[in-house]
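If you want the building blocks of each chain, they are given just below.
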Amino acid sequence: MTDKSITELRGGRVYDPAHGEDGVIRSVYLRRDGIVSSAPDPAAIKESIDISGCVVMAGGVDIHTHIGGGKVNIARMLLPEDHAANLTVRGEHPRLGSGRAAPSTLTTGYRYAQMGYTACFEPAMLPANARHAHMEMADTPLVDKGAYALLGNDDFFLRRLAAGADPKEFQDYIAYTLRAAQALAIKVVNPGGINAFKFNQRKLDLDEANTAYGVTPRQIVRTLAEGIHALGLAHPLHIHGCNLGVAGNVETTLATIRALDGLRAHFTHIQFHSYGTEGDRKFSSGAQAVAEAVNANPNISIDVGQIMFGQTVTESGDSMRQYAGSAFASPKKSVIMDIECDAGCGVVPFKYKDKSFVNALQWAIGLELFLSTRDPWRIFLTTDHPNGAPFTSYPHLIRLLMDASFRRERLATIAPDAAAASHLGSLGREYSLYEIAIITRAAPARSLGLKNLGHLGAGARGDVTVYVDDANRERMFATPHLVYKAGELIVRDGKIVATPRGATHVTRADYDPAIEKALDAYFATYMSVRRRNIAVADAEIEDFGHSPLIQHQARRNAS
Amino acid sequence: MLGLFVFQLATLKLKPSVSSTINTRHEDVTCTYCGLLCDDLVVRTDGATVTPIRNACAKATAAYADSSARVTAFIAGQPAAIEHAITSAVNLLRKARQPLVAGLGADLAGLRAAFALAEHCGAVVDHLHGGALRQNLKVLQSRGWQTTTLSELRNRADLVVLVGVDVNVNYQNLIPRFLSPTAALQPERRRERRLIYLGPNQGAPSACGELPLDTLRCDTDALPTLLRALQSALAGGTVSGAPKRRKLLVELAAKIKAAAYPVFVWAAGQLDPAHADLTISAVCDIVASLNRTQRAAGLNLGGDDGGQTAVSAATWLTGFPLSVSYAGNTLDYAPERWSADALLRDRAVDLCVWISAFSPRLPPVAANAIPTIVLGPPGMTPAKNAVYIPVGTPGIDHAGQLIRTDAVVSLPLRQLRHSNLLTVADVLGRTLNALRT
């Protein structure tokens, strides 16, 4: 007797770029253990749901969103006003919560799922703060998650780099860090700059030496990118470059792309790194130069970090740049931290104003980047939540990308001098649903090496979002009709109907255990904790966090 | 005899006992007896006895010794099976119109269960150190701050200012573990390291390795004034007061300005509650002024008895630090209004769930006037009207996780002895399940 376990979603238009499906009308068959490839035995079908007129995509995948860890929680603590003004009410979600810019973890999970996203990746997990980041992610329901460990500002790495250690040692250190922090990928933030700030350096250019260790951001980026390449990690080095937010930083960004010399790398929230110095205000768009460099260098991927107007809070490991930005805090308060000889953080509330020349131009620069980067597989939709805007603004952003007349209307409302300084108005490109499916799920999943997310083929985990087709793309993407997580219906017309916990994705890479011995001694001699205690055990995620651990094994590249 | 009979009634898993036939040595043990969470203790367990043999401070050594093997639950002063005690607790929660979940001395798993229960019951939630935690939050939420963590302190600081911190009574390992060790990533910072103590006589560190110490004595309630004078001296402004004191302040200001990484340490729980926020604000102002041209940082010590974990978990689960109320249709964050002490004093709650898994600390006396459910280590003697459910101590009887005072580092707690005691999460989870059915 056949087990009735399959749900058929019938009659929808399927956008599955991983398989080249661009609006194909076909049934999608779902089961708790994933997506079934072809039509199963009709006797196995538990229910068949008519979704004619609907658009079907895999669940959304957010490659860069600050959802869990120390700095996110500091932002919450710092801003009770954001939370008191944004309270959920009983019955709205399975549990209460609050916040818009830095929502509580439960609310974060619910809102992502309501928006059709089923996987979110925290991009800035300090190894010293890894256990805490996983605690918060465990309390973020419905979505899969994972995090990128920060390296490149920690004193251990900088000392070894200054000492001219062997590349193999850095490979071991990277692989060890992935294991100890339970991370999916590696990120560098203001390479060496966070450390330099601890020694009172206030800026650090690509070829400027950190005074304590005499090493440059160029060396740090190269060492990490080469190590990651050798280990064969799916996601390349995730780079938050030097000089974030500084007018003229487009030159640093282009120089960093050149410094990689063909090595794969991901440049995150590149909008914040695409500023020129032209014009009366000495602040201009560098988007065209950046887009051209991305177009010309297939080893490079980017996410945008689009800003939206309104109140948000910026939170970053980049204590050096956040300290500089704290002068513009709104409301006037901020937190800057030096952390554990590991990295740092800065939390600065900020209000982007459409009548501000700089903010309006930032908005235009982000959109220019979206519209001028040709290969959608190498650009991912982000607002660097919440740094550019809260993730709940994604539907609005999607409409801006898909609807040129809407975009022109919005452009007419921003500071006129900024609109004049941008050539956004001349860009007529409109993203198709197929391209949106690429930049919001297929491409980020592929970049992270998540073989069972971001697509609708056989073997996928069964994360599926069904949208009612609507010419108003903002409305369409804000409230999908149905959302499935691992084959289970979790949201129907905005209402959460089940609350499974998502899985935690990590990458494993082999390393020589000798690195643990070296680190045991280093931690015992200098740090405030023991190495074995700062490492996060599998059981802490699986048992305490009640989150299945999905391990992705890296395969070394031949050197 | 009665106790034995009661045990047999309980299911095997519920059978409370603390025993071990194994004499075991444990290394790298995390100590839970203050917010520093030292994780380098060496501990020997012999049966139920847990004895630290290396790296524990005097306070922790006494706390480990203070454990009882009497593991009986009580209902209204009478021994009871744990299952019956849980049933009594469920009945009390069903009847309560405005419960309070307080104490919150638990590991993360216990705290998650406490918040879930509080949400279900519409309770107000607060921690036993809520008053001190709120002093910090008041300052944080009004002006923000610039702070550092313990490894930075250990390696980077060349000057450490103890602002009313009495390391003789709490945070006893601060100097031996983080300030006086000779190795540092920046050896020159360690060589030059000196201490300044500002505060009352008895709080001055009685031992500080060989580190040079300057002391400027003042009553705790005079700290805000002293710090404002120091700020003025740092800015090169006029300093009032007796000539000797003025001279000392000017000298201290010169040392601070000459330092590469001065760290100002405070402990909200050791400050005068009437002025603590003023003291902390003054410290943060000094640090902010210094950072315009040089580097400096603050460091707050606190979050004992799971307090930092409670604040952090409250913040991510609800969006608000403590204290919050689940009584209405939405969360309500009103830190002073929802103070457990005030609510109990004003009889504004009609049931108190008191959680103190790290130490046998009883609820405030005011709770005796209302029904109380107490979760704490074995051997406690709560008031007559209480339902008392003994629970294991995280990091001794069962594994767990806690967040350290700096809100960055969290540490694993390992089980050190065989124990069948339920955890706070077990008891509250069963309670919530029963309430839902």
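For clarity, every value in this text was computed on a predicted model and none was experimentally measured.

1. With respect to the overall build of chain B
- Looking only at helices and strands, chain B features 14 helices and 20 strands.
- For 437 residues, the compact-globule formula gives about 22 Å, and the C-alpha radius of gyration of chain B, at 23 Å, lands near that figure.
- Projected onto its principal axes, the C-alpha positions of chain B cover 75 × 50 × 30 Å.
- Across the 437 residues that make up chain B, the buried fraction comes to 63%.
- Residue pairs at least 24 apart in sequence account for 65% of intrachain contacts in chain B once pairs closer than 6 positions are excluded.
- Split by element, the accessible area of chain B, about 15400 Å² in all, is 53% carbon and sulfur.
- Measuring between centres, the 42 positive side-chain charges of chain B sit 1 Å from its 33 negative side-chain charges.

2. Observations regarding the pattern of salt bridges
Residues and elements named next belong to chain A.
- Per the counting criterion, the structure on display carries 52 salt bridges over all chains.
- Residue glutamate 81 is joined to lysine 333 by a salt bridge in which the shortest nitrogen-to-oxygen separation is 2.9 Å. You can see glutamate 81 sitting in helix 2 (residues 80–84) and its partner lysine 333 sitting in the loop between helix 11 (319–325) and strand 18 (334–339), a full 252 residues away along the chain.
- Of the residues examined, glutamate 81 reaches a relative accessible area of 37% and is grouped as partly exposed.
- Residue class for lysine 333 comes out buried when judged on its relative accessible area of 5%.
- In this structure, arginine 222 engages glutamate 226 in a salt bridge whose closest nitrogen and oxygen atoms are separated by 2.6 Å. Highlighted residues: arginine 222 and glutamate 226, both in helix 8 (residues 217–231), separated by 4 residues, approximately one helical turn.

3. Section: empty space enclosed by the protein
- Evaluated as defined, the whole model comprises 11 cavities of 30 Å³ or more.
- In this structure, the largest cavity occupies an estimated 280 Å³ of space.
- If you trace the largest cavity, you find 23 residues lining it, with A:Pro127, A:Tyr173, A:Asp342, A:Phe523 and A:Ile534 closest to the centre.
- Within the residue set of the lining of the largest cavity, elements represented by two or more residues are helix 5 (155–162), helix 6 (167–181), helix 18 (514–526) and helix 19 (531–534) of chain A.
- Here the lining of the largest cavity gets 5 residues from one element, more than from any other, and that element is helix 6 of chain A.
- Looking at the lining of the largest cavity residue by residue, the classes come out as 16 nonpolar, 2 polar and 5 charged.
- As a volume, the second largest cavity reaches approximately 80 Å³.
- If you go around the second largest cavity, you meet 13 residues; those closest to its centre are B:Cys31, B:Cys34, B:Cys38, B:Cys57 and B:Ala60.
- Grouping the constituent residues of the lining of the second largest cavity by class yields 10 nonpolar, 2 polar and 1 charged.

4. So, helix 4 (residues 130–138) of chain A
- Where burial is concerned, most of helix 4 of chain A is hidden: 9 out of the 9 residues are buried.
- Buried within helix 4 of chain A we find A:Ala130, A:Arg131, A:His132, A:Ala133, A:His134, A:Met135, A:Glu136, A:Met137 and A:Ala138.

5. Details of the state of the cysteines
Residues and elements named next belong to chain B.
- The tally for this structure, following the rule as stated, stands at 0 disulfides over all chains.
- Of all cysteine sulfurs in the structure, the one in cysteine 34 sits closest to cysteine 38, which takes part in no disulfide; the separation is 6.1 Å.
- Residue classification places cysteine 38 among the buried positions, given a relative accessible area of 6%.
- Free cysteine cysteine 208: the closest other cysteine sulfur is in cysteine 57, separated by 17 Å.
- By relative accessible area, cysteine 208 is classed as buried at 10%.

6. Observations regarding the domain arrangement of chain B
All names here are of chain B.
- What the domain assignment lists for chain B is domain 1 (70–129 + 306–436) and domain 2 (133–300).
- Measuring from the centre of the C-alpha atoms in domain 1 to the corresponding centre in domain 2 gives 35 Å.
- Taken together, the 16 residues of domain 1 in the interface contact 9 residues of domain 2.
- Linking domain 1 to domain 2 there are 1 salt bridge.
- With a closest N to O distance of 3.1 Å, arginine 134 and aspartate 126 form a salt bridge.
- Counting across the interface, domain 1 meets domain 2 through 6 residue pairs in polar contact (both at pLDDT 80 or more).
- Class assignment of the residues belonging to the side of domain 1 that touches domain 2 gives a composition of 6 nonpolar, 6 polar and 4 charged.

7. Things to note about the interface of chain A and chain B
- Contacts between the two partners involve 63 residues from chain A and, on the opposite side, 72 residues from chain B.
- Across the chain A to chain B interface the summed buried area is about 5600 Å²; carbon plus sulfur atoms make up 51%.
- At the boundary of chain A and chain B, one finds 8 salt bridges.
- Note that A:Asp155 is salt-bridged to B:Arg156, the shortest N-O span being 2.8 Å.
- There are 53 residue pairs in polar contact (both at pLDDT 80 or more) connecting chain A and chain B.

8. Describing the nonpolar core
- Residues A:Trp363, A:Phe370 and A:Leu401 are the most contacted members of the largest nonpolar core, which totals 261 residues.
- With near-sequence residues (within four places) excluded, A:Leu401 lies in contact with A:Leu367, A:Phe370, A:Leu371, A:Leu381, A:Arg407, A:Arg429, A:Glu430, A:Tyr431, A:Ile436 and A:Ile439.
- Counting 38 residues, the second largest nonpolar core, distinct from the first, contains B:Cys57, B:Leu195, B:Leu211 and B:Ala267.

9. Describing the pairing of strand 2 (residues 41–46) of chain B
Residue and element names in this part refer to chain B.
- Bridging between strand 1 (residues 23–29) and strand 2 involves 5 bridges; their strand directions are antiparallel. Directly across from valine 29, in strand 2, lies its bridge partner leucine 41.
- For strand 2 and strand 3 (residues 49–54), the ladder comprises 5 bridges, and the chain directions are antiparallel. Bridging across to strand 3, valine 43 finds its partner in proline 52.
- Counting the residues that bridge the hairpin from strand 2 to strand 3 gives 2 residues, and of these glycine 47 lies at a positive phi of roughly 60°.

10. Quick word on unusual backbone geometry
All names here are of chain A.
- Across the junction of serine 330 and proline 331, the peptide omega takes the value -5°, indicating a cis bond.
- When you line up the elements, proline 331 lands in the loop between helix 11 and strand 18.
- In the segment running from histidine 385 into proline 386, the intervening peptide bond is cis, with an omega of -5°.
- Among the secondary structure elements, proline 386 is positioned in the loop between strand 20 (379–380) and helix 13 (394–402).

11. Observations regarding the sheet that holds strand 1 of chain B
Residues and elements named next belong to chain B.
- A sheet is described by the order of its strands in space; here 3 strands give the open sequence 1-2-3, paired in antiparallel fashion. A single partner strand is all that each edge strand has here, and the edge strands are strand 1 and strand 3. If you compare each strand with its neighbour and ignore which way they point, the axes differ by 25° on average.

12. Regarding the packing of aromatic side chains
- All chains considered together, the criterion is met by 19 aromatic pairs over all chains.
- Seen from their ring centres, A:Tyr117 and A:Tyr394 are 5.5 Å apart, and the 50° between their planes marks the pair as tilted. Pair noted here: A:Tyr117 is in strand 9 (residues 117–125) and A:Tyr394 is in helix 13, with a separation of 277 residues, a long-range link.
- Note on A:Tyr117: relative accessible area 3%, which makes it buried.
- A:Tyr394 gets classed as buried once you look at its relative accessible area, which sits at 0%.
- Both rings, one in B:Phe320 and one in B:Tyr333, keep their centres 5.1 Å apart while their planes meet at 10°; by these two values the pair is stacked. In this pair, B:Phe320 is assigned in the loop between helix 12 (307–318) and strand 14 (324–325) and B:Tyr333 in strand 15 (residues 332–333), connecting sequence segments 13 residues apart. Across this residue pair, the class does not change: B:Phe320 and B:Tyr333 are buried.
- An aromatic cluster is defined as three or more aromatic residues linked by ring pairs; in this entry it consists of A:Phe156, A:Tyr173, A:Tyr522, A:Phe523 and A:Tyr526.
- We note A:Arg399 situated over the ring of A:Phe406; from NZ or CZ to the ring centre the distance is 3.8 Å.

13. Here's the deal with helix 6 of chain A
Residues and elements named next belong to chain A.
- Here helix 6 is 15 residues long and its end C-alpha atoms lie 21 Å apart, about the 21 Å a rise of 1.5 Å per residue gives.
- Burial within helix 6 is extensive, with 11 of its 15 residues counted as buried.
- Taking the backbone nitrogen of lysine 168 as reference, a side-chain oxygen 2.9 Å away marks aspartate 166 as the first, capping residue of helix 6.
- Looking one or two residues beyond helix 6, the residue adopting positive phi is glutamine 182, at roughly 55°.

The rules we used
- Residues numbered from 1 in each chain as written.
- Chains lettered and ligands numbered in written order.
- Predicted model: local features only at pLDDT ≥ 70, side-chain atom pairs only at ≥ 80, totals over all residues.
- Heavy atoms only, no water.
- Helix = DSSP H or I, 4+ residues; strand = E, 2+ residues; numbered from the N terminus.
- Rg over C-alpha atoms; globule rule 2.2 N^0.38 Å.
- Buried < 20%, exposed > 50% of the residue type's maximum accessible area, 1.4 Å probe, protein only.
- Contact = heavy atoms within 4.5 Å.
- Areas by Shrake-Rupley, 256 points an atom, 1.4 Å probe, with all protein chains shown as cover.
- Lys, Arg positive; Asp, Glu negative; His and termini not counted.
- Charge placed at Lys NZ, Arg CZ, Asp CG, Glu CD.
- Salt bridge = Lys/Arg side-chain N within 4 Å of Asp/Glu carboxyl O.
- 1 Å grid on protein atoms, 1.4 Å probe; cavity = no way out; pocket = protein on both sides within 12 Å on 5 of 7 lines; lining within 4 Å.
- Points joined across faces, edges and corners; volume = space filled by probe spheres on them.
- Nonpolar A, V, L, I, M, F, W, Y, C, P; charged D, E, K, R; others polar.
- Disulfide = S-S within 2.5 Å.
- Domains from an automatic or database assignment.
- Polar contact = N/O pair within 3.5 Å; in protein donor to acceptor, adjacent residues only side chain to side chain.
- Buried area = accessible area lost by both parts, 1.4 Å probe.
- Core = buried A, V, L, I, M, F, W, Y, C linked by side-chain atoms within 4.5 Å.
- Pairing = 2+ DSSP bridges.
- Axes fitted to C-alpha atoms, helices over the stretch in contact; angles between N-to-C directions.
- Phe/Tyr/Trp six-rings, centres within 6.5 Å; stacked < 30°, edge-to-face > 60°.
- Lys NZ or Arg CZ within 6 Å of the ring centre and 35° of its normal.
- Expected span 1.5 Å × (residues − 1).

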